[in-house]
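What follows is the residue order along each chain.
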Amino acid sequence: MDYRKTLNVTLSDNQPGAMPQRANLPAREPEIQRFWDEIDLYRLSLEKEAPRGAFVLHDGPPYSNGDIHLGHALNKIAKDIIVKHRTMCGYCVPYVPGWDNHGMPIENNVARAFREAGETPDRVAMRRRCREYATTWVAAQKEQFRRLGVRGDWDHPYLTMTTSFEARIVDVFGQLAERGYVYRGLKPVLWCAACETALADAEVEYREHTSRSIYVRFPVHRDPAGVFGGDAADPPNTYVLIWTTTPWTIPANLAVAVRSDANYVVLEAGGDRYLVAEPMADAVARGLLSGAAPRVVRRIRGSDLEGVVAWHPLFRRTSPIVFADYVTMEDGTGVVHTAPGHGKEDFETGQRYGLEVLCPVGPSGAFTAEAGQEFEGARILGGEADLRVVGALRQAGHLLADAPYAHSYPHCWRCHNPLLFRATVQWFMNIDHDGHRERSLEAIRAVRWFPPVSANRIRSMVAARPDWCLSRQRAWGVGIPAFYCRTCGSEILTMAAIDAVRDLVAARGSDAWYEAPAAEILPDGLACARCGGTAFDKETDILDVWFDSGSTHLAVLDSGEWPRLSWPASLYLEGSDQHRGWFNSSLMISVALRGRAPYDAVITNGWTLDETGRAMHKSLGNAVSPNDVVRNLGADILRLWVASTDYFEDVRCSDEIIDQVAQTYRLIRNTLRFLVNNLYDFRPERDGVREARMLSIDWWALAQLDRVVAECAAAYEAFEFHRVYHAVSRFCAVELSAFYLDVLKDRLYCSAPNSLERRSAQTALHALASTLAGLLAPVLSHTAEEVWQLLGLRDRAESVQLTNFPEARSAAYLDVLALWEPVLALREAVNLAIESARQEKRLRKPLEAGVTLTVDPATAEGLLAFPADLAAVFRVSHLAIIADPEIEAGQARAEAGQAPGAKCARCWLVREDVGVSKTDPDLCARCADVVSQLVPD
């Protein structure tokens, strides 16, 4: 007789209802996603019972420009894990994805295309092409995000370029203006000469940059108190010595700053006298004046320098000494050259002393005529301006040193060019109006931050941030809804005017702002409050795109367009750079208009790095494409990689790391496959065994499952998905594959199909499979769905994502773990004995082993009374237990050899009862009994 046909063998890959070993995710996942679309999974998720109320994760809008990169995938998948977990935990979790559509990168790409085509578009044509460009990339990115298995309202995303959204941006600006937050003024702002626009702090990145470091002497013109020890007017050979790393700002110099509470000295060298700070005197004497035997001739306090005036080193104009707290004693000379048109602190000092705001640099970063005829036209970027200024200083005899200087310097985060400080007239949000800064810091304290240390980052950003520069000198964005009186130039920023613009944009889109004349937009009868004029011009600048994204919590959560959304958001989740970006801009607007943060909690994810810790860049060739991973391996592999990372920190990825994650996936899949493929004849309602009748080892497996459920539940709640990854993969590898499932095989395959032994095992397998599917659904969404459908659980929930998150069973199961602990502790001794016997050729296969286990009497008594077949537990054919009072408690001695008896032809165990059946003499008594039930007389 072919006894193989009498075994309950697990399903093979080609049998109906089997879970195949080869996942083939690139082909299978789209099929599963079509199933989700057919059942309208997103709608069903919102209709699922939600006793815990709403949970709103507000999507920070990615930029609609190019294919998604690994950072996008990390962020979107992490959000999706949270959304799905919270849905399964009894929340209603709407997820509305969005896109940021305005801004320079799109405009620059479109402008390049126009230039290549030899076309010069007007502003409206440029904007229309930008809208088309953004629309194309929204569609492309949408499909790429959906392919990751991200669930959301993809048919109704929010776009910052829609008319309703743009109208809400205008409305938000108007509310801020009405409350006194908005003003227009001349101030130095960070300026990108390449993009020809002002930038906000959030658009700045700091990189290493090599500047020219120069020491320059300013001749003293007036010394009324005689602090230099010479004539009061134009004392000969007497100088104030400064150091700067921006030579190009020297033409804009209007003062030199010192600390009033610092000590200064006058050094004499070679007949010349120089003012420097005392802490810097030795370094200056050694480095600059060493050939002239310098000596200190005067010691003075900074406050004694009041009234001293120097000459500009290049022009016949004065440069008075002023006092400033920002002067440090760390670098240079302790005297700071001051150009109010080229620095925030310089500007503030100039305001205190009534200095002119001189900014002889044009929008393209080239010197204007105000810089002087010899400098006009020289460009800052590329170093031409520095070269000319240094040459002029050398020719004038006032350059003492010139050397390269490497330091951290602000760059444009879009074009990556160094930035300038340039004084221009811009629109600003006053961050200190009405106690706004202090109220924002208080709002930060009311938010939960993950990781907690990230609160310090945004707190420091808000505490030190300047007023928000809202205006940009570009075309693609929402126009600032301001008008100017054509007669007197006064600004018109009334609510009547702004409301008129809002209504125009709501009806016709923001392009209409550039198409309609002011008279067509403004309400009848509007007149200038200053001069009574009735003719007006429109502002040509657009709003900072961070104003767009900072308004999303109002334009999306509080718009009514998505009824299930609500304000404030339960959670924001974005990259660490958003402490100065989206987290910050959203906070500024929310505190001003709503008095609190727009989010209850904020998660920060880190940067994506390669395996060596370098940031990923296309130019370095070290970027991992999420689309390639999905195309070659499947989205679940990428999702599992996200879950494997501590994404609160910077995370590493490479082809090798993805391969390691794929191996873990195969381990998990093979475990699930064993569970599913051994349940082909099991129906829980028909075949399930009541807990009281289940075998002890099956109880142990479910108790271990409960432990994993509790661990995963806590990890998901804390948004620490790597703990889920490790808990599940360890459970599959150690407790299941390496022990329980291995022990189970004999009972599953060889017991009678409907026996208690087999049905008890299947009851445990079904609980393991369905529970693991639930635990993994937020992460391995496609694989968990495959398991759910193969288990035939659609009567419980249409999709695994619609079931409730697994809960641990009764705490009584924990007692089972304690019961089994001493038994499992003996496995190592038994395994070592078996391996030794195999090495010595006394044993061919572990399954045929007979083991003698010698332990202390108390342990022996417990083992002899143990409610399980210990030979099966140790995966041997025979086990003898001997009590030896000489052995210490907790110790054991194991000896292995060939088990007594003969090998059963069906189960392959060596049994002494093989041959007791006359009908089947090759079988042990257990197998003979099973076969007799299967084969009719």
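One structure accompanies this document, and this report is about it. Here the structure is a predicted model, which is why all the values come from computation and not from measurement. (Residues numbered from 1 in each chain as written. Predicted model: local features only at pLDDT ≥ 70, side-chain atom pairs only at ≥ 80, totals over all residues. Heavy atoms only, no water.)

Some thoughts on the pairing of strand 7 (residues 255–258)
Thought 1: On strand 7, burial covers both faces: A255 and A257 on one face and V256 and V258 on the other are all buried.
Thought 2: Bridge analysis of strand 7 against strand 13 (residues 336–338) gives three bridges, and the strand direction is antiparallel. Within strand 13, the residue paired with A255 across the bridge is T338.
Thought 3: The pairing of strand 7 with strand 12 (residues 318–323) spans three bridges and is classified as parallel. Along strand 12, the bridge assignment pairs V258 with F323. (Buried < 20%, exposed > 50% of the residue type's maximum accessible area, 1.4 Å probe, protein only. Helix = DSSP H or I, 4+ residues; strand = E, 2+ residues; numbered from the N terminus. Pairing = 2+ DSSP bridges.)

Observations concerning the side chain of D698
Thought 1: Residue placement: D698 occurs in helix 22 (residues 696–717).
Thought 2: When its relative accessible area of 0% is taken as the criterion, D698 is described as buried.
Thought 3: Polar side-chain contacts of D698 include one of 2.9 Å to the side chain of R747.
Thought 4: Once residues lying within four places of it in the same chain are set aside, the contact partners of D698 are Y740, L744, R747, S760, A761 and A764. (Polar contact = N/O pair within 3.5 Å; in protein donor to acceptor, adjacent residues only side chain to side chain. Contact = heavy atoms within 4.5 Å.)

Observations concerning the sheet that holds strand 21 (residues 536–538)
Thought 1: Pairing is antiparallel across the open sheet formed by three strands, whose spatial order is 20-19-21. Where the open sheet ends on each side, the last strands, each with one partner, are strand 20 (491–492) and strand 21.
Thought 2: The pairing of strand 19 (residues 483–485) with strand 21 spans three bridges and is antiparallel. Residue pairing across strands places F483 opposite K538, the latter belonging to strand 21.

A word on the packing of helix 11 (residues 454–464) against helix 17 (residues 582–594)
Thought 1: Where helix 11 contacts helix 17, the axes come no closer than 11 Å and their chain directions differ by 55 degrees. The angle between helix 11 and helix 17 falls in the class oblique. Taken as a pair, helix 11 and helix 17 cross one another with a handedness that is right-handed. Here I458, M461 and V462 of helix 11 lie close against helix 17, whose contacting residues are F583, N584, L587 and M588.
Thought 2: Residues that form the contact of helix 11 with helix 17 fall into these classes: six nonpolar, one polar and no charged. (Axes fitted to C-alpha atoms, helices over the stretch in contact; angles between N-to-C directions. Parallel < 35°, antiparallel > 145°, perpendicular 65-115°, else oblique. Left-handed = near helix turned anticlockwise from the far one by under 90°. Nonpolar A, V, L, I, M, F, W, Y, C, P; charged D, E, K, R; others polar.)

Considerations on the packing of aromatic side chains
Thought 1: Taken as a whole and judged by the stated rule, the model has 27 aromatic pairs.
Thought 2: For the pair W468 and F547, a centre-to-centre distance of 5.8 Å together with 45 degrees between the ring planes defines the contact as tilted. Highlighted residues: W468 in strand 17 (residues 468–469) and F547 in helix 15 (residues 545–550), separated in sequence by 79 residues.
Thought 3: A relative accessible area of 2% places W468 in the buried class.
Thought 4: Note on F547: relative accessible area 0%, which makes it buried.
Thought 5: When the centroid spacing of 5.0 Å and the interplanar angle of 65 degrees are considered together, the rings of Y647 and F648 count as edge-to-face.
Thought 6: By the ring-pair criterion, three or more aromatic residues cluster together here, those being W449, Y572, W582, F583 and Y599.
Thought 7: The ring of Y239 carries R217 above its face, with NZ or CZ at 4.0 Å from the centroid.
Thought 8: The ring of W908 is capped by K903, whose NZ or CZ atom sits 5.0 Å from the centre of that ring. (Phe/Tyr/Trp six-rings, centres within 6.5 Å; stacked < 30°, edge-to-face > 60°. Lys NZ or Arg CZ within 6 Å of the ring centre and 35° of its normal.)

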